[in-house]
Amino acid sequence: MGVNAAVLAIDAGNSKTDVALIGPDGTLLSSVRGGGFQPPAVGIDVAVDVLASAIGEALAKARAYNEPVDSVAHVSACLANADLPVEEQALAAALRARDWGRTVEVRNDTFAILRAGVDEPRGVAVVCGAGINCVGMVPDGRTARFPAVGRISGDWGGGAGLAEEAMWFASRAEDGRGEPTELARTLPAHFGLDSMYALIAALHLGHIEFERRHELTPVLFATGAAGDPVARGLVHRLAEEVVAMASVALTRLGLLDEEAPVVLGGSVLAARHPQLDDRIAELLAAHAPKAVVRVVREPPVLGAGLLGLDHMGAAPEVHSRLRAQYG
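Residues numbered from 1 in each chain as written. Predicted model: local features only at pLDDT ≥ 70, side-chain atom pairs only at ≥ 80, totals over all residues. Heavy atoms only, no water.

*Asks:* Explain the overall build of the protein chain to me, using residue names and the numbers behind them.
*Replies:* The number of helices and strands found in the protein chain is 13 helices and 10 strands. Counting all 327 residues of the protein chain, 50% fall into the buried class. Across the protein chain, every contact between residues at least 6 apart in sequence was considered, and the portion connecting residues at least 24 apart equals 68%. Carbon and sulfur atoms make up 53% of the accessible area of the protein chain, which amounts to about 14,700 Å² in all. (Helix = DSSP H or I, 4+ residues; strand = E, 2+ residues; numbered from the N terminus. Buried < 20%, exposed > 50% of the residue type's maximum accessible area, 1.4 Å probe, protein only. Contact = heavy atoms within 4.5 Å. Areas by Shrake-Rupley, 256 points an atom, 1.4 Å probe, with all protein chains shown as cover.)

*Asks:* Now, about the nonpolar core: what can you tell me, with residues and values included?
*Replies:* A general trend in soluble globular proteins is that nonpolar side chains are found buried together. Formed by 53 residues in total, the largest nonpolar core has its most connected members in Leu187, Leu199, Leu238, Leu276 and Ile280. The biggest single contributor to this core is helix α9 (residues 229–252), with 12 residues. The residues contacting Leu199, other than those within four sequence positions of it, are Met167, Leu187, Pro188, Phe191, Leu193, Ile208 and Leu216. Counting 29 residues, the second largest nonpolar core, distinct from the first, contains Val19, Leu21, Leu51 and Val69. (Core = buried A, V, L, I, M, F, W, Y, C linked by side-chain atoms within 4.5 Å.)

*Asks:* Could you give an account of the packing of aromatic side chains, naming the residues involved and the relevant values?
*Replies:* Counting across every chain of the model gives one aromatic pair. Both rings, one in Trp168 and one in Phe169, keep their centres 4.9 Å apart while their planes meet at 80°; by these two values the pair is edge-to-face. Owing to a relative accessible area of 23%, Phe169 belongs among the partly exposed residues under this scheme. Just above the ring of Phe111 sits the side chain of Arg107; from NZ or CZ to the centre is 5.3 Å. It is Arg252 that lies over the ring of Phe146; its NZ or CZ is 4.8 Å from the centre. (Phe/Tyr/Trp six-rings, centres within 6.5 Å; stacked < 30°, edge-to-face > 60°. Lys NZ or Arg CZ within 6 Å of the ring centre and 35° of its normal.)

*Asks:* An account of the pairing of strand β7 (residues 132–137) is requested, with residue identities and associated values reported.
*Replies:* Most of β7 is tucked away: six of the six residues are buried. Where burial is concerned, the two faces of β7 agree: the one with Ile132, Cys134 and Gly136 and the one with Asn133, Val135 and Met137 are both buried. In this sheet, β7 lies alongside strand β6 (residues 123–128) in antiparallel orientation, the contact comprising six bridges. Note on β7: the bridge partner recorded for Gly123 is Met137. In sequence, β6 turns back onto β7 through a hairpin of three residues. Summarising the sheet, β7 and strand β8 (residues 143–145) pair through three bridges and their orientation is antiparallel. Paired with Gly136 across the two strands is Ala144, which belongs to β8. Here β7 hands over to β8 after five residues, with Gly141 in that stretch at a positive phi of 100°. (Pairing = 2+ DSSP bridges.)

*Asks:* Provide a residue-level description of the sheet that holds strand β10 (residues 291–295), including the pertinent values.
*Replies:* Read from one edge of the open sheet, five strands run β8-β7-β6-β9-β10, paired in mixed fashion. Only two strands of the sheet have a single neighbouring strand rather than two, namely β8 and β10. Between one strand axis and the next, the sheet turns by 15° as a mean value, whatever way the strands run. Two strands pair when backbone bridges link them, and β6 and strand β9 (residues 260–265) are joined in this way by four bridges, in the parallel orientation. Within β9, the position partnered with Val126 by the bridge is Leu264. (Axes fitted to C-alpha atoms, helices over the stretch in contact; angles between N-to-C directions.)

*Asks:* Before we move on, can you summarise the pairing of strand β3 (residues 28–34) with the specific residues and values?
*Replies:* Inspection of the sheet shows strand β2 (residues 17–22) paired to β3 by six bridges, in the antiparallel sense. Bridge assignment links Leu21 to a residue of β3, and that residue is Ser30. Here β2 hands over to β3 after five residues, with Gly26 in that stretch at a positive phi of 95°.

*Asks:* Can you break down the environment of Gly129 residue by residue, with the values?
*Replies:* Among the secondary structure elements, Gly129 is positioned in the loop between β6 and β7. The exposure class assigned to Gly129 is buried, which follows from its relative accessible area of 14%. Look past the residues within four positions of Gly129 in its chain and what remains in contact with it is Gly158, Gly159, Gly266, Ser267 and Val268.

*Asks:* Mind laying out the environment of Phe146, listing which residues take part and the relevant values?
*Replies:* Considering the arrangement of structural elements, one finds Phe146 in the loop between β8 and α5 (158–175). On the basis of relative accessibility, which here comes to 17%, the residue Phe146 falls in the buried class. When the C-alpha atoms of Phe146 and Gly159 are compared, they prove to be 18 Å apart, with 13 residues separating the residues in sequence. Excluding anything up to four places from it in sequence, Phe146 contacts Asp83, Asn133, Cys134, Met245, Val248 and Arg252.

*Asks:* Go over helix α11 (residues 274–287) with me, naming the residues and quoting the values.
*Replies:* Since the α-helix packs 3.6 residues into each turn, any two residues three or four apart lie on the same face. The first and last C-alpha atoms of α11 sit 20 Å apart over 14 residues, in line with the 20 Å expected at 1.5 Å per residue. Buried within α11 are the following residues: Gln275, Leu276, Asp277, Arg279, Ile280, Leu283 and Leu284. Buried residues belonging to α11 abut α8 (216–225), α9, β9, α10 (267–270) and β10. (Expected span 1.5 Å × (residues − 1).)

See the structure below:
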């Protein structure tokens, strides 16, 4: 006779997928990491096949170390590329068709980071990795969010955007159209090149993979920390964007005038750049003085699991047991 799982938790990003099977008491029955989830590139069905592979492995792992899982009550899936409600609905329909659980809820993956960083479903998260996004939630089910699909939805920032902004200023500095900046030296030097012209040509001709421009974001922060005014200006602008998104989300949820968590996540914010951290703290003190800032270090799949337990109405000790297993 097998066991029943309360939650199948899924955190699926562009580069990886984490899956966890969680028992009714909050025990972690199994966890697995799989491939990236990219429905815009491969289509929904093929993307969901990637989830299916990881879920199958998680079920097999539970069978090997515990007992077979007979059923799953709820699927809590936090997915990249679920940026609009209509996309969440389409992805939820695709997951329901696989019959992995009796109920299914799909959210944008930023909600997983938020829930991993708070003790209850209340607060705001700003995530800055390759892109930038912000979501908020309160226990009564209300949420705040942005489309977060790039410049057409008003976004600025994220690792890719910062790298491109840094290159824009560095290129203009080198050819005389813009003000001087050390970025014109430090950016090409990262790739062993001696000029922005050489870096532009290498990226344009494919001698350096265009995706590697993400490597320039830490160079931007280091150049700013060394005192370069242009680089510092970009770092300060990112802080302004983070605080603007957080303040708007707090206001929409009625949390601006009370103590509320503001969770910071993603590779750029988790790197704890002192200049960025200090500027965010300074601006939040002015615009949201009661906000309580923390940087999330727990894996997002924990947040997906906690959201699933919220849906199931699990007791606080069940939530605590699951969180403890992620240490």
